[in-house]
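If you want the building blocks of each chain, they are given just below.
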Amino acid sequence: MKRLFRGARVIDPASGVDGFVDVLVDGDRIAQVGRDLPVAGVEVIELSRDHVVCPGLIDIHVHLREPGQEHKETVASGVASAVAGGFTAVACMPNTTPVNDNANVTAYILGKAAAANLARVYPIGAVSRGSKGELLADIAELHHAGCVAITDDGHPTATALLLRRAMEYAGMFGMPVIEHCEDSSLKGDGVAHEGFTAASLGLRGIPGACEALGVERGVLMAELTGGAFHVAHMSARASIRAVRKAKEAGIRVTCEVAPHHFTLTDESLQSPIPYDTNTKMNPPLREAADRDAMLAGIADGTVDLIATDHAPHHYDEKNVEFDRAPFGIVGLETAVPLAVTQLVHAGHISLHKLVELMAVGPAKLLKLPGGTLREGAPADITILAPDMPVRIQASRLRSRSKNTPFDGWELRGGVVATIVGGRTVYVNDAATVALS
Amino acid sequence: MSAPASPQAEAPVVATALRHKDLLGIADLTPGEISLVLDTAEAMKEIGARPIKKVPALRGKTVVNLFFEPSTRTRTSFEIAEKRLSADTLSIAIASSSVVKGESLVDTALNLEAMNPDMIVLRHASSGACHLLSRVCKSAIINAGDGTHEHPTQALLDAFTIRERKKTLAGLKVAIIGDLLHSRVLRSNILLLTKMGAEVWVCGPPTLIPTDIRRFGVQSTSRVDEAVADADVVMLLRIQLERMEGAYFPSLREYFTVFGMTEARLKLAKPDVLIMHPGPMNRGVEIASEVADGPYSVILDQVHNGVAVRMAVLYLLAGGVEHEETV
């Protein structure tokens with residue numbers, strides 16, 4: 001079956017297309033992109049000039065929580081959340097119970113993903129067995145089972161030596177090591193960014209240097225090994241500086257920033273709701289200078305991609321004293337409105353650049369099929385409406401957890417539809433598009 | 001959260017009640033409201049001097065003292081204050097609570113709430129615990145110390161004690177010396193004293209000074225002589241032994257050598273300086289016994305005044321004069 005999408009702006013940075021052209025899908029593949037494609041024997045989907053057709057968005061930093069923490073999220077609820085957020089693929093973190101440190105767990109996750117049959121799921125394996133930081137996980141086995149990268153996310157890789165070995169070993173399979181950058185001694189039992197807000201609220205601080213030290217360590221190991229080093233969820237201005245310098249020196253380092261770190265500052269811990277545990281994440285919300293450094297890094301190309309660090313937690317776990325609450329917020333369904341509003345409408349980057357950050361960059365880092373609308377590519381497509389008014393409603397999220405600090409936010413930029421392998425897996429009720 | 005607009009637009013706002021559901025911190029109080037508490041406490045202090053130390057102001061009100069941290073002084077002070085106002089009062093300490101069975105703070109509070117108390121006085125090790133309770137409880141929440149955040153009634157009783165001796169807070173130099181980082185007493189005192197126009201100096205080892213402390217509107221130094229020079233009030237904060245393990249300073253002995261308040265150091269202060277300490281004291285660490293027991297010390301006055309100040313807070317939160325015409 002062939003389907004033709006026409007009438008919308010098509011942005012495909014990988015092939016240099018940006019204009020009002022048609023996209024022809026044949027089965028699960030992109031057949032052709034061009035002007036005035038023939039419509040005979042083709043189902044035609046008329047889109048509006050306010051719509052943007054782009055390669056399916058990919059979120060490489062998602063906690064799907066299954067196996068073991070199904071009260072927070074399952075693979076099925078996670079991918080439902082993903083497609084509602086415009087993501088056609090997600091890469092999921094290994095800090096499940098048990099940890100994804102062997103092929104059985106990887107296969108289990110992929111089985112659940114196949115059954116859910118919504119977004120594509122690419123598991124990320126652990127660096128070390130049980131993510132305990134002692135012995136390497138079975139990295140070859142993980143790779144062959146379908147893992148696309150390794151990380152001990154949730155914590156930094158225990159030692160510089162282990163990080164070095166991981167980079168060397170994972171390099172055999174072309175997999176990057178994704179690092180939760182943090183110096184454990186500087187983090188201590190901190191729960192908030194170390195600054196005036198934490199001092200006012202009496203919360204134990206985590207300085208930006210805590211993260212930057214982890215970045216510097218990884219950069220040095222990448223230089224030493226020639227391995228690919230990816231900095232997860234970057235938050236501190238000193239980290240951006242470290243990545244920028246490393247890139248200038250030709251070291252293989254990439255980095256991501258989460259929407260909450262380019263949108264919020266630690267002032268959100270104080271108002272509108274003091275000690276709101278939905279403002280508690282690791283790395284923490286930092287001060288304005290850090291947030292502005294994230295925006296600058298996104299604009300100048302230091303930042304390679306946007307990833308959400310989607311971290312679902314049950315409301316019981318968050319309805320506690322601030323210092324006892326777990327770190328993290330859900331992000332899949334708020335990423336597009338936040339990114340379009342805070343980055344594009346605010347004038348920091350173009351929509352074209354946003355597609356690079358949310359589709360092209362992630363696909364390139366993890367060598368995934370997708371990230372382009374070139375002929376023969378998988379028909380993974382996201383249709384956006386950059387000017388659509390969006391009101392975030394926590395209670396309406398598809399994710400099993402509702403832990404977001406953005407409840408009630410009025411934003412501009414929504415998802416019209418999500419198409420995976422030529423199949424429409426999500427259509428926004430608010431959009432008037434005839435899609436099945 | 002602010003006081004209601006005065007009918008006389010230009011006149012200073014004279015508060016007659018605390019128009020707050022809770023007392024979560026000094027941060028929420030206006031200078032007018034602080035003065036109201038201190039003025040009311042003067043009347044309450046007189047009650048404590050009577051042969052029959054009891055008035056019916058809170059008769060029929062139920063007050064729960066919910067203490068998740070050990071406390072002798074503050075809990076006793078609240079209990080006495082509640083009883084002098086004729087409230088029905090009970091105290092729950094952590095050891096006897098169901099928290100040991102794994103119940104969450106919110107569930108504990110909701111269960112208490114189901115028995116319809118009027119006020120909950122909360123002491124908890126987590127900063128912001130009172131804010132959490134305030135969101136889930138209809139009862140008035142009084143913060144009796146939350147983590148390293150605030151201890152508002154301590155700051156109010158400190159202010160009362162200073163005002164009693166110095167008549168005013170405005171223009172006084174107050175030096176606060178000790179573990180600034182982990183002190184809720186410090187935060188409440190800084191907020192209160194700066195709101196009331198005092199000049200606040202804070203002093204301690206750089207390892208125990210919170211980030212951006214100057215943004216609170218205080219002077220910060222690690223030179224104790226500079227902090228004490230010409231001070232009207234010197235307030236010492238407790239140094240906890242476990243801080244040595246966090247490598248904040250090498251030893252208690254060295255702490256005393258560098259920061260301990262001795263008679264010699266005190267000579268730099270004003271001749272009528274007041275020595276204060278929120279307790280419990282480490283004699284020979286942050287304060288020499290000669291200073292704690294000496295003529296400038298008002299440390300026991302602080303404890304004495306604590307009852308009157310807490311009576312004032314309880315009374316005003318319950319509605320003050322709007323609720324009860326006479327004390």
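Look up a bit, the structure's there.
Everything quoted here is computed from the prediction, not taken from an experiment.

Observations regarding the overall build of chain B
- Each helix and strand counted, chain B has twelve helices and nine strands in total.
- Its C-alpha radius of gyration of 20 Å places chain B within 12% of the 20 Å reference for a compact globule of 327 residues.
- Along the longest, intermediate and shortest principal axes, the C-alpha atoms of chain B span 55 × 55 × 40 Å.
- Counting every position in chain B, which comprises 327 residues, the buried fraction comes to 55%.
- Of all intrachain contacts in chain B linking residues separated by at least 6 positions in sequence, the fraction that spans at least 24 positions is 72%.
- Total accessible area on chain B stands at roughly 13600 Å², and carbon and sulfur atoms take up 54% of it.
- Once the 35 positive and 38 negative side-chain charges of chain B are each reduced to a mean point, those two points are 2 Å apart.

Observations concerning the sheet that holds strand 2 (residues 88-93) of chain B
All names here are of chain B.
- Strand order in the open sheet formed by four strands is 2-1-3-4, with parallel pairing between adjacent strands. At either margin of the open sheet sits one strand with a lone partner, and together these are strand 2 and strand 4 (140-146). Each neighbouring strand pair of the sheet contributes to a mean axis angle of 15°, computed without reference to strand direction.
- Where strand 3 (residues 119-124) and strand 4 come together, five bridges link them in parallel fashion. In the strand pairing of strand 4, Ile120 is matched with Ile141.

Here we look at the pairing of strand 1 (residues 2-6) of chain A
All names here are of chain A.
- Both strand 1 and strand 4 (residues 22-26) contribute to a ladder of four bridges, which runs antiparallel. If you follow Lys2 over to strand 4, its bridge partner there is Asp26.
- Here four bridges tie strand 1 to strand 6 (residues 43-46), and the two strands are oriented parallel to one another. The partner of Arg6 across the bridge, within strand 6, is Glu46.

Focus: the packing of helix 3 (residues 105-113) of chain B against helix 4 (residues 129-136) of chain B
Residue and element names in this part refer to chain B.
- At their nearest, the axes of helix 3 and helix 4 sit 10 Å apart, and the two run at 45° to each other. Relative to helix 4, the element helix 3 is oriented oblique. Here helix 3 runs over helix 4; the crossing is right-handed. Taken together, the residues of helix 4 that come into contact with helix 3 (itself represented by Leu105, Val106, Ala109 and Leu110) are Ala129, Leu132, Leu133 and Val136.
- When its residues are assigned to classes, the contact of helix 3 with helix 4 shows eight nonpolar, no polar and no charged.

A word on the packing of helix 1 (residues 31-48) of chain B against helix 11 (residues 299-317) of chain B
All names here are of chain B.
- Across the interface, helix 1 lies against helix 11 with an axial gap of 8 Å and an inter-helix angle of 115°. Of the two elements, helix 1 crosses helix 11, and the hand of that crossing is right-handed. In this structure, helix 1 contributes Leu36, Val37, Thr40, Ala41, Met44, Lys45 and Ile47 to the contact, and helix 11 contributes His304, Asn305, Ala308, Val309, Met311, Ala312, Val313, Tyr315 and Leu316.

Here we look at unusual backbone geometry
Residue and element names in this part refer to chain A.
- That bond from Glu66 to Pro67 is cis: its omega, 5°, falls within 30 degrees of zero.
- A cis amide bond links Ser271 to the next residue, Pro272, at an omega of 5°.
- Here Pro272 shows up in the loop between helix 9 (259-263) and helix 10 (288-300).
- Phi is positive for Tyr275, which is not a glycine, with a value near 60°.
- Tracing the chain through its elements places Tyr275 in the loop between helix 9 and helix 10.
- The backbone phi angle of Lys367 is positive, close to 55°, even though this residue is not glycine.
- Within the secondary structure, Lys367 is located in the loop between helix 13 (351-366) and strand 17 (381-391).
- A residue is classified by how much of its surface remains accessible, and Lys367, at 57% relative accessible area, is exposed.

A word on the nonpolar core
- Counting residues in hydrophobic clusters, the biggest one holds 71 residues, and the most contacted among them are Val231(A), Phe262(A), Leu343(A), Leu354(A) and Met358(A).
- With residues near it in sequence (within four places) discarded, Leu354(A) still touches Ile306(A), Ala339(A), Val340(A), Leu343(A), Val344(A) and Ile349(A).

Things to note about the pattern of salt bridges
Residue and element names in this part refer to chain A.
- On inspection of all chains with the given rule, the structure shows 34 salt bridges over all chains.
- Across the pair Arg6 and Glu46 runs a salt bridge, and its minimum N-O distance is 2.7 Å. Remark: Glu46 occurs in strand 6 and Arg6 occurs in strand 1; sequence separation between them is 40 residues.
- Accessibility expressed as a relative area gives 29% for Arg6, which makes it partly exposed.
- Residue class for Glu46 comes out partly exposed when judged on its relative accessible area of 47%.
- Taken together, the shared-partner salt bridges connect Arg164, Arg165 and Glu168 into one network.

Digging into the interface of chain B and chain A
- Between chain B and chain A, the contact holds 20 residues from the first and 17 residues from the second.
- The junction of chain B with chain A conceals about 1500 Å² of combined surface from both sides, 56% of it contributed by carbon and sulfur atoms.
- When the buried area of chain B at its contact with chain A is split by residue, Ser127(B), Arg135(B) and Thr211(B) rank highest and sum to 27% of it.
- Viewed at the interface, chain A and chain B are joined by zero salt bridges.
- Counting only elements with at least two residues in the side of chain B that touches chain A, the list comes to helix 3 and helix 4 of chain B.
- Element by element, the count of residues in the side of chain B that touches chain A is highest for helix 4 of chain B, at four residues.
- When grouped by side-chain class, the residues that make up the side of chain B that touches chain A number seven nonpolar, eight polar and five charged.

Quick notes on the side chain of Thr254(A)
Residue and element names in this part refer to chain A.
- By secondary structure assignment, the location of Thr254 is in strand 15 (residues 253-257).
- A distance of 2.8 Å separates a polar atom in the side chain of Thr254 from a polar atom in the side chain of His230.
- Residues in contact with Thr254, not counting those within four places in the same chain, are Phe229, His230, Val231, Lys247, Asp304 and Leu365.

A look at the environment of Arg6(A)
Residues and elements named next belong to chain A.
- C-alpha separation for the pair Arg6 and Ala209, spaced 203 residues apart in sequence, amounts to 49 Å.
- Leave out the neighbours within four places in its chain, and Arg6 touches Asp22, Val39, Val44, Ile45, Glu46 and Leu47.
- Only 2.7 Å separates the side chain of Arg6 from the side chain of Glu46, close enough to count as a polar contact.

Conventions used here
Residues numbered from 1 in each chain as written. Chains lettered and ligands numbered in written order. Predicted model: local features only at pLDDT ≥ 70, side-chain atom pairs only at ≥ 80, totals over all residues. Heavy atoms only, no water. Helix = DSSP H or I, 4+ residues; strand = E, 2+ residues; numbered from the N terminus. Rg over C-alpha atoms; globule rule 2.2 N^0.38 Å. Buried < 20%, exposed > 50% of the residue type's maximum accessible area, 1.4 Å probe, protein only. Contact = heavy atoms within 4.5 Å. Areas by Shrake-Rupley, 256 points an atom, 1.4 Å probe, with all protein chains shown as cover. Lys, Arg positive; Asp, Glu negative; His and termini not counted. Charge placed at Lys NZ, Arg CZ, Asp CG, Glu CD. Pairing = 2+ DSSP bridges. Axes fitted to C-alpha atoms, helices over the stretch in contact; angles between N-to-C directions. Parallel < 35°, antiparallel > 145°, perpendicular 65-115°, else oblique. Left-handed = near helix turned anticlockwise from the far one by under 90°. Nonpolar A, V, L, I, M, F, W, Y, C, P; charged D, E, K, R; others polar. Core = buried A, V, L, I, M, F, W, Y, C linked by side-chain atoms within 4.5 Å. Salt bridge = Lys/Arg side-chain N within 4 Å of Asp/Glu carboxyl O. Buried area = accessible area lost by both parts, 1.4 Å probe. Polar contact = N/O pair within 3.5 Å; in protein donor to acceptor, adjacent residues only side chain to side chain.

Coordinates in, geometry out; function isn't part of it.
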